[in-house]
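Now for the letters of each chain:
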Amino acid sequence: MLEIINLNDIKEIALKASEVIMEIYNKDFEVEYKEDNSPLTEADIKSNEIICNSLINLYPNISIMSEENKQTDYEIRKEWEYYWCIDPIDGTKEFIKKNGEFTVNIALIHNQEPVLGVVYAPVIDVMYSAKKGIGAFKNTQKLPIKRDDTKYIIVASKSHMSEETQTYIDNIETTKEKELISMGSSLKLCLVADGSADCYPRVAPTMEWDTAAADAIVRCAGKMTYDLEVEKPLIYNKMDLLNPNFVVK
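Our subject in this report is the structure included herewith. (Residues numbered from 1 in each chain as written. Predicted model: local features only at pLDDT ≥ 70, side-chain atom pairs only at ≥ 80, totals over all residues. Heavy atoms only, no water.)

## Section: the pattern of salt bridges
A side chain of one charge can pair with a side chain of the opposite charge if their charged atoms are brought near each other.
At step 1: One pass over the structure, following the stated rule, counts eleven salt bridges.
At step 2: Lys-34 is the salt-bridge partner of Glu-68, the closest N and O atoms lying 3.3 Å from each other. Of the two residues, Glu-68 is situated in the loop between β3 (63-66) and α3 (74-77) and Lys-34 in the loop between β1 (31-33) and β2 (39-41); the sequence distance between them amounts to 34 residues.
At step 3: For the salt bridge of Asp-149 with Arg-147, the shortest nitrogen-to-oxygen distance reads 2.8 Å.
At step 4: The partly exposed category is assigned to Arg-147, whose relative accessible area is 22%. (Salt bridge = Lys/Arg side-chain N within 4 Å of Asp/Glu carboxyl O. Helix = DSSP H or I, 4+ residues; strand = E, 2+ residues; numbered from the N terminus. Buried < 20%, exposed > 50% of the residue type's maximum accessible area, 1.4 Å probe, protein only.)

## Looking at helix α2 (residues 42-58)
Given 3.6 residues to a turn, an α-helix orients residues that are three or four positions apart in the same direction.
At step 1: Here α2 spans 24 Å end to end across 17 residues, near enough to the 24 Å set by a 1.5 Å rise per residue.
At step 2: Along α2, the residues classified as buried are Ala-43, Asp-44, Ser-47, Asn-48, Ile-50, Ile-51, Cys-52, Ser-54 and Leu-55.
At step 3: On the buried face of α2, the contacting elements are α1 (7-25), β2, β3, β4 (82-90), α4 (92-97) and β5 (103-110). (Expected span 1.5 Å × (residues − 1). Contact = heavy atoms within 4.5 Å.)

## Things to note about the sheet that holds strand β13 (residues 225-227)
At step 1: Taking strand neighbours across the sheet as the criterion, the three strands line up as β12-β14-β13 in an open arrangement whose pairing is antiparallel. The strands lining the two open edges of the sheet, one partner per strand, are β12 (200-202) and β13. Here the strands of the sheet are splayed against their neighbours by 15 degrees on average, with no regard to which way each runs.
At step 2: Packing of helix α6 (residues 187-194) onto the sheet brings it into contact with β12, β13 and β14 (246-248), and relative to β12 it is tilted by some 150 degrees. (Pairing = 2+ DSSP bridges. Axes fitted to C-alpha atoms, helices over the stretch in contact; angles between N-to-C directions.)

## A few points about the sheet that holds strand β6 (residues 113-121)
At step 1: In space, the seven strands of this open sheet follow the order β3-β4-β5-β6-β7-β8-β9, with mixed pairing throughout. Bordering the open sheet on either side are β3 and β9 (141-142), each of which pairs with just one other strand.
At step 2: Sitting on the sheet, α2 is in contact with β3, β4 and β5, with an inclination near 155 degrees to β4.
At step 3: Where α6 meets the sheet, it contacts β5, β6, β7 (126-131) and β8 (135-138), and its direction lies at approximately 70 degrees from that of β7.

## Describing unusual backbone geometry
At step 1: For the peptide bond that leads from Leu-143 to Pro-144, omega is 0 degrees, which places it in the cis range.
At step 2: Among the structural elements, Pro-144 can be located in the loop between β9 and β10 (152-157).
At step 3: With a phi close to 55 degrees, Glu-231 is a non-glycine residue in the positive phi region.
At step 4: Note on placement: Glu-231 falls in the loop between β13 and β14.
At step 5: Residue classification places Glu-231 among the exposed residues on the basis of a relative accessible area of 64%.

Structure below.
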């Protein structure tokens with residue numbers, strides 16, 4: 001299945017969704033709140049429609065999981081060999097703040113492993129993409145990109161910096177000077193994938209669709225996202241779609 005999927009088609013879908021997102025981003029928009037108190041905008045809904053409809057048209061036999069869709073019962077989805085895992089806007093809080101640090105995320109999962117990912121940040125016009133067997137890219141540049149500085153760079157969340165995360169950072173053993181950079185959305189994983197950062201610890205809740213696309217980019221760039229408790233790679237399509245605490249390195 002993976003070999004028949006054209007990565008450029010998925011990138012085009014992300015760009016198409018981003019056009020509508022940016023139309024809404026550049027005007028006044030209303031914010032609603034879902035049952036879990038997370039924010040929702042017209043941009044999330046429209047982006048979701050474009051992505052889901054486009055994927056159904058291209059690949060009608062592949063199931064879809066999206067943050068903005070009703071979730072399929074585990075008894076059904078546990079049988080999925082392949083499925084799309086989508087976050088139409090990752091970093092809705094950043095979208096609302098209009099700081100530009102939000103992304104469109106589309107991943108393909110195969111047997112609980114992310115094997116294809118597209119992460120597009122429309123405000124800064126940066127496209128991360130990856131496909132297992134081909135590699136990972138930032139725009140057209142292959143990842144990872146070599147960095148010349150002598151610092152150990154840790155990336156952390158803008159909206160979810162916890163005491164536990166700070167403890168993890170304090171306990172990192174390195175002879176280099178530590179530098180902390182803050183970033184919103186799945187761009188944090190991408191910074192480790194592209195070599196801009198050395199690690200990204202996350203000791204705060206995330207869902208599978210928050211990480212799937214960027215995790216594909218991380219893995220195709222030769223890095224990994226580890227469950228902090230068991231030090232094994234994150235798996236997807238679990239009964240509980242909440243991710244464990246993790247570190248990308």
